[in-house]
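Overview (structure and organization)
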Amino acid sequence: MSELLLWIVLYSILSAIYRNFLIEEYQIIFEKLCVFFYTFADYIPLNFMLGFYVTAVYGRWTNYVNDIGWIDTPCLFISTNIHGTNDTARLIRRNLVRYMVLTQAMVYRTVCVSVKRRFPTLEHLVTSGLMTKSELKSFNEINSPNDNKFWVPMEWCFNLLRQARLIKMIDSDIIYTQLIDKIGQYRSTLLNLAVYDWIPIPLVYTQVVTLAVRFYFIFALFGRQYLKHDYNTPYSETIDLYIPILSIFQFIFYVGWMKVAEVMLNPLGDDDEDLELNYIIDRNLQVGLLTVDKCYGLLPDQEKDMFWK
Amino acid sequence: MSELLLWIVLYSILSAIYRNFLIEEYQIIFEKLCVFFYTFADYIPLNFMLGFYVTAVYGRWTNYVNDIGWIDTPCLFISTNIHGTNDTARLIRRNLVRYMVLTQAMVYRTVCVSVKRRFPTLEHLVTSGLMTKSELKSFNEINSPNDNKFWVPMEWCFNLLRQARLIKMIDSDIIYTQLIDKIGQYRSTLLNLAVYDWIPIPLVYTQVVTLAVRFYFIFALFGRQYLKHDYNTPYSETIDLYIPILSIFQFIFYVGWMKVAEVMLNPLGDDDEDLELNYIIDRNLQVGLLTVDKCYGLLPDQEKDMFWK
Amino acid sequence: MSELLLWIVLYSILSAIYRNFLIEEYQIIFEKLCVFFYTFADYIPLNFMLGFYVTAVYGRWTNYVNDIGWIDTPCLFISTNIHGTNDTARLIRRNLVRYMVLTQAMVYRTVCVSVKRRFPTLEHLVTSGLMTKSELKSFNEINSPNDNKFWVPMEWCFNLLRQARLIKMIDSDIIYTQLIDKIGQYRSTLLNLAVYDWIPIPLVYTQVVTLAVRFYFIFALFGRQYLKHDYNTPYSETIDLYIPILSIFQFIFYVGWMKVAEVMLNPLGDDDEDLELNYIIDRNLQVGLLTVDKCYGLLPDQEKDMFWK
Amino acid sequence: MSELLLWIVLYSILSAIYRNFLIEEYQIIFEKLCVFFYTFADYIPLNFMLGFYVTAVYGRWTNYVNDIGWIDTPCLFISTNIHGTNDTARLIRRNLVRYMVLTQAMVYRTVCVSVKRRFPTLEHLVTSGLMTKSELKSFNEINSPNDNKFWVPMEWCFNLLRQARLIKMIDSDIIYTQLIDKIGQYRSTLLNLAVYDWIPIPLVYTQVVTLAVRFYFIFALFGRQYLKHDYNTPYSETIDLYIPILSIFQFIFYVGWMKVAEVMLNPLGDDDEDLELNYIIDRNLQVGLLTVDKCYGLLPDQEKDMFWK
Amino acid sequence: MSELLLWIVLYSILSAIYRNFLIEEYQIIFEKLCVFFYTFADYIPLNFMLGFYVTAVYGRWTNYVNDIGWIDTPCLFISTNIHGTNDTARLIRRNLVRYMVLTQAMVYRTVCVSVKRRFPTLEHLVTSGLMTKSELKSFNEINSPNDNKFWVPMEWCFNLLRQARLIKMIDSDIIYTQLIDKIGQYRSTLLNLAVYDWIPIPLVYTQVVTLAVRFYFIFALFGRQYLKHDYNTPYSETIDLYIPILSIFQFIFYVGWMKVAEVMLNPLGDDDEDLELNYIIDRNLQVGLLTVDKCYGLLPDQEKDMFWK
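Residues numbered from 1 in each chain as written. Chains lettered and ligands numbered in written order. Predicted model: local features only at pLDDT ≥ 70, side-chain atom pairs only at ≥ 80, totals over all residues. Heavy atoms only, no water.

Quick notes on helix H4 (residues 72-81) of chain A
Taken across its 10 residues, H4 of chain A has nine buried, putting it largely inside the fold. Listing the buried residues of H4 of chain A in full gives Asp72, Pro74, Cys75, Leu76, Phe77, Ile78, Ser79, Thr80 and Asn81 of chain A. The inward-facing, buried residues of H4 of chain A abut helix H5 (87-111), helix H10 (173-198) and helix H13 (277-294) of chain A together with helix H9 (151-166) and helix H10 (173-198) of chain E. (Buried < 20%, exposed > 50% of the residue type's maximum accessible area, 1.4 Å probe, protein only. Helix = DSSP H or I, 4+ residues; strand = E, 2+ residues; numbered from the N terminus. Contact = heavy atoms within 4.5 Å.)

Here's the deal with the side chain of His83 of chain A
Within the secondary structure, His83 of chain A sits in the loop between H4 and H5. Non-local contacts of His83 of chain A, meaning those with residues more than four positions away in its chain, are made with Ala89, Arg93, Met169, Asp171 and Tyr296 of chain A together with Arg162 of chain E.

Concerning the interface of chain E and chain A
The figure often quoted for interface size is the accessible area lost as the parts come together. Opposite the 74 residues of chain E that make contact, chain A presents 69 residues. Overall, the association of chain E and chain A removes approximately 6800 Å² of surface from exposure, summing both partners, and the carbon and sulfur fraction of that is 69%. At the surface where chain E touches chain A, the tally comes to five salt bridges. Among the ionic pairs, Arg283 of chain A bridges to Asp147 of chain E, the shortest N-O distance being 3.2 Å. When its residues are assigned to classes, the side of chain E that touches chain A shows 45 nonpolar, 16 polar and 13 charged. (Buried area = accessible area lost by both parts, 1.4 Å probe. Salt bridge = Lys/Arg side-chain N within 4 Å of Asp/Glu carboxyl O. Nonpolar A, V, L, I, M, F, W, Y, C, P; charged D, E, K, R; others polar.)

Remarks on the relation of the copies chain C and chain B
Mapping chain C onto chain B calls for a screw motion: a turn of 72° about the axis and a shift of 0.0 Å along it, with 0.1 Å RMSD after fitting. In symmetry terms, the pair is related by a five-fold rotation axis. Every residue of chain C has its C-alpha some distance from the rotation axis, and the shortest such distance is that of Ile174 of chain C, at 5.4 Å. Little of the interface of chain C is mirrored in chain B, where only 4% of its interface residues are also at the interface. (Least-squares fit on C-alpha atoms with pLDDT ≥ 70 in both.)

Thoughts on the relation of the copies chain E and chain A
Rotating chain E by 72° and moving it 0.0 Å along the rotation axis overlays it on chain A with an RMSD of 0.1 Å. With a heterologous cut-off of 20% or less, the 4% of interface residues of chain E that recur at the interface of chain A puts this contact in the heterologous class.

Quick notes on the arrangement of the chains
Between chain A and chain C there is no contact, and the shortest C-alpha to C-alpha distance separating them is 10 Å. Of all C-alpha pairs spanning chain C and chain E, none lies closer than 10 Å, and the two are not in contact.

A short note on the packing of aromatic side chains
On inspection of all chains with the given rule, the structure shows 150 aromatic pairs over all chains. Ring geometry for Phe253 of chain A and Phe215 of chain E: centres 6.4 Å apart, planes at 50°, overall tilted. Taken as a pair, Phe253 of chain A in helix H12 (residues 245-265) and Phe215 of chain E in helix H11 (residues 203-223) lie in two separate chains rather than in one. Overall, the relative accessible area of 22% leaves Phe215 of chain E in the partly exposed class. Between Trp7 of chain C and Phe217 of chain C, the aromatic rings sit 6.4 Å apart at their centres with planes inclined by 90°, giving edge-to-face as the arrangement. Highlighted residues: Trp7 of chain C in helix H1 (residues 2-21) and Phe217 of chain C in helix H11 (residues 203-223), separated in sequence by 210 residues. Like Trp7 of chain C, the residue Phe217 of chain C is buried in the burial classification. Feature note: the residues Tyr18, Phe30, Phe36, Phe37, Phe40, Tyr43, Phe215, Phe219 and Phe222 of chain A together with Tyr38, Phe249 and Phe253 of chain B constitute an aromatic cluster, connected by ring pairs. Directly above the aromatic system of Tyr296 of chain A lies the positively charged group of Arg93 of chain A, at a separation of 3.7 Å from the ring centroid. (Phe/Tyr/Trp six-rings, centres within 6.5 Å; stacked < 30°, edge-to-face > 60°. Lys NZ or Arg CZ within 6 Å of the ring centre and 35° of its normal.)

Focus on unusual backbone geometry
Of note, the phi angle at Lys149 of chain A is positive, near 55°, even though the residue is not glycine. Looking at the element boundaries, Lys149 of chain A is found in the loop between helix H8 (133-141) and helix H9 (151-166). Phi at Lys168 of chain C takes a positive value of approximately 65°, unusual for a residue other than glycine. Within the secondary structure, Lys168 of chain C is located in the loop between helix H9 (151-166) and helix H10 (173-198). With a relative accessible area of 62%, Lys168 of chain C lands in the exposed category.

Quick notes on the interface of chain C and chain B
Counting residues at the interface gives 70 residues for chain C, matched by 75 residues for chain B. Interface area for chain C against chain B, summed over the two sides, is near 6800 Å², with a carbon-plus-sulfur share of 69%. Inspection of the region where chain C meets chain B yields five salt bridges. Two residues, Asp305 of chain C and Arg94 of chain B, come together in a salt bridge whose shortest N-O distance is 2.8 Å. The tally of links from chain C across to chain B stands at 24 residue pairs in polar contact (both at pLDDT 80 or more). Secondary-structure elements contributing two or more residues to the side of chain C that touches chain B are helix H3 (46-66), helix H4 (72-81), H10, helix H12 (245-265) and helix H13 (277-294) of chain C. Residue contributions to the side of chain C that touches chain B peak at 12 residues, all from H12 of chain C. Broken down by class, the residue content of the side of chain C that touches chain B amounts to 39 nonpolar, 18 polar and 13 charged. (Polar contact = N/O pair within 3.5 Å; in protein donor to acceptor, adjacent residues only side chain to side chain.)

Written out as structure tokens, the structure is:
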């Protein structure tokens, strides 16, 4: 971590100045300052703040993970309950899947940097095959100043479902309501991601915790210096190691703990630890189309199993 | 923060009096008092109280956020399942949306200062187009001493839905029950906000924590004074900085931590961090009407996607 | 708080005896005892116990609040889906509401002192109009040794609903099942209150925490005395304030923290902070009857809204 | 608590030996040992372990309480929706209830000692009237090596429900699915108890916490001895009380806190604090039969209420 | 635990070198180093990190336990609602069960070492009777680069269900939708296990905590040495025990606490404490087939119960 390096460099500079360039009078002033910071560093309640804050962030992270949006459930229901092998039926099933993945890609674009980079404009969604040109035109014609129009592909989806019901590809209204419910759940799940993004944990919470960690270690630049004179602090009995090894480890653990919060606060970012949303879009499209089209009606010959009596 | 300034001013006054105006005899009394407050300040369990309290408040805050009330889900169901392009059908769909947003505005008025300021009276709801004059008249004729009549526009909404079913704009009872369920969920969600407002976290919890923080820093006005004589406290080894820098940071972090709780305790307030409920009303009305009216039946031409084989 | 007064009085008596009536030999014994209690007071883990205990109790309190039982949802469904304006229909709708509120009043009577005071016997439910005489007779004829018969008015409710279905006041079985479900949810919610009351947080948890707080401050009666002689405790450097001001504040904060738990442990009690269940009964009856009877079929004339194009 | 007595006895023996039987040389060795245990006792993180562990156990306890299995909900649905007053109808309704309570008794037998004692064998279920002889025979004929066959009475229950539907005692399939759902929920709830029992909190968690408490107080047998010589510990200033009163209270609070966990870890045990499952079986059977049989169709004459206008 | 042994050995080596092989000059350097590590060891916030981390992991563990996937619920619904005693009907019911268990085995293979060892390849699923040869062929023909094709047996399952409905083995669409819902819930539950496995708790959290514990005890190798000279640390008053008994117990409790997290972090592993997933597969298959086939239609003769009047 570059922060650690910076801290060590600053510490070394201070240490070098104190040891080599200060006359004794200033050394003593410096030392008293160090004792001051050493003594009162525990005014900053790092442990409690980090412990509770990381727990709150962890709870939020699990929500993110639960709301990523896997397409399998709605696709299984579509595949089973929208019948027909002609092109109309295939088109309906495939486009339902496509609209669902399109919604996902649109939501992901607003919450995730790497998806935004992949699809900087809506045209890129057309290029990638998630949207047709005429769909994009239809989408752009809708003027809705206050929002991201995530509901548009879902309205297509629902209307298409309704049409499938009208032409009797769906057997009955009860099956139709179940289908619309499953697709609606998939949508709600995805939309939660947008809401998490729009309403983050109050910034002041994050700021207070982050500042506390930062200032704790700024003060530690002084408080952890090895002092030549004896000030009745625990330091006085120990050896001059030059390198403040335990402070370095403390830095690693506290700042590492804070990094845990940062990683979990935005699990849709760019880092290694973050969720690979681009993969999920690709996977959902591929598996979704496979499920509802190529594997439509898939059923092996019914054979007796091994344990049949 | 103005509290911090006040604290610094009071601290400085005390410090100045002690340093300049007290004779030594009184100085020593003052110093002993300071040592007293310094020594026993940790009788006040700030860390534990703040940690657990903020966690409780955070849990409540997430409930608020989840229950804001997005109109998208019921609107998608209305748009898909209430059929017809004539004025009657459009009127039904639009008014369903309007009644839902009206309920939201009514609930928001009681829980949120900035919405109350926008709609100080019910007439302002008429002016803004959320309600017609005759609806307001009908609303006012209902005499219900014990409550806010949030259920009235919902009763309109449900009765309108029932009428749509009677004139066969909704295809079947199963679809009707699903519709009524989705609208009912939207309503329950909103009503939770009113319940949170009516039944806050027990005041005594907030008071105990707030008082603890306040008194901790009142005592610190004395306990953190730099003392001329040596009292065998950690202070005695350190330097006179005049400015109690670590106490100031401690103030920032603890009071900041408490502010986190305050911000989250009432997320519907007026502050920058708070949720913009006026925006949500506007957005819900605009998007809702768009979804059910202009975009009714919206479905792009069904084309084969890129991956069709 | 009267406990605080008691504590101060006891402290003062001990202090007065020690200062005025003990000869030095006994003073020193007393002082050593005080040092003993001062030194080892932190054997009692107040912070941890209170922190985790209050958190557990707070979780339970939120359950109570969620399960109070608002009648609005079932009433909206009743009003919309049980049709007819003749007396039979009105009677059915009104009595459904009345049975629901009656169930609520019966549950509240067993869990809430102030409702029990209002309805000391079931006859008082008749007087208040929640029950008719013949209903009470019917209720009393049922002999069920093992329980409170909260299910009886609900059985009336369900049978009445069934009857409404039989005479076609409810259009179809699917609507009937939705109605019965909503009423059933209202009932389950209420019954939770009775279960919380029957199965409290294990008493030993509350006892351990309460005893810990009590004994901590009993020991503090000694441990916080100002001592004339020097025992190498932090006290020795400080001034004799006569009044143990920080101990008093510590008492306020810890006992206040415990009071938070007490208030939340039984939110259905008699205190100011507690939920006003009598109000909820009245409100539910009044709003419920209004919703299903006077406002039955309520729907303003359908007019075009302001934004109609 | 017998543990406390044991601890006091051991402490007294050690104390007596040290005071009376050791020569000074050995006394000093003993004292140094005591100082050692006194000084480093806080290596054992009792507070944190107990705090978090008790919180985890409390969460589990609330699940147990929620999953006890009250029969009221399914019975109300059975009573309302399975029609007929002839013996066949009564038999169906009564046996549905009986099978549900039978499932409950079977599950309780495996998770609760006192129910197991009441019904040591399945024959005891026959004797008590929960099962008939032929049902037991049918049950025993099913050979299922891997499980407890809790599903058998539920399969009877579901098949009986199906039969009621076939002979039109249940009006329609939608009502039938609702009934089967409610009974299924009751079953799932009960089965959770068996799962909690089969998969306890990982034993290592309980062991680590329990051992930590045990060893803490074993070490305290030494660490809390009053020492004759001065070792610069806080002890040296205090008086010889012979009885280690604060250590005894510490024992009470910590071991009491651990007992809280033990009580909640197995809320189905035999102790006073535990849930009275035998009562619940009796209550469910009695109330269940009453609800579906004697009170079948129960509905008071429909009279106008007091507030009728 | 082998870690404990290693620690004791290293400690002993250091101790032996210090006591026997160092000249006094180096002894003093070594001692000062020890004092250094002793004094600042509490810079590492083990308690807070472990407490909060174990709590987070425990929450995740309970999710695992809830999502193991018991087949009883879907089987009871299948047995009750798919009718017929001919081979076709039996085949359908049995294969539905088999496909569900097959999905489970496939998911378990990717998340659990011991199941993977039992079924190293898909052929082993055929050998064990969970899959037929032609099913494996059909499965392998599906080319889906991005995923594990867990949905394939579920698609078979749903299509088979649909076929049962088409040939009227299922009475109505409402029952069909309920069936498909229950099977879908079973599937979602299982799939959660795969998601937990794919998205673990961010590794950095685990690493920070694990490193903190490790380094704490590495530093303790020095910090807990008994020193010959007096350095004004608490050690100086105590006796030379040679064996650092309290440090050993501290090691046991902290590392044991961390082991709790490790055990719960991956409850599907190979250890004694872990869930026996192979047993669950066998049990689900055996009980499932029994429920839907041999026990199909199982219902004892309807007799009057003991309490019949």
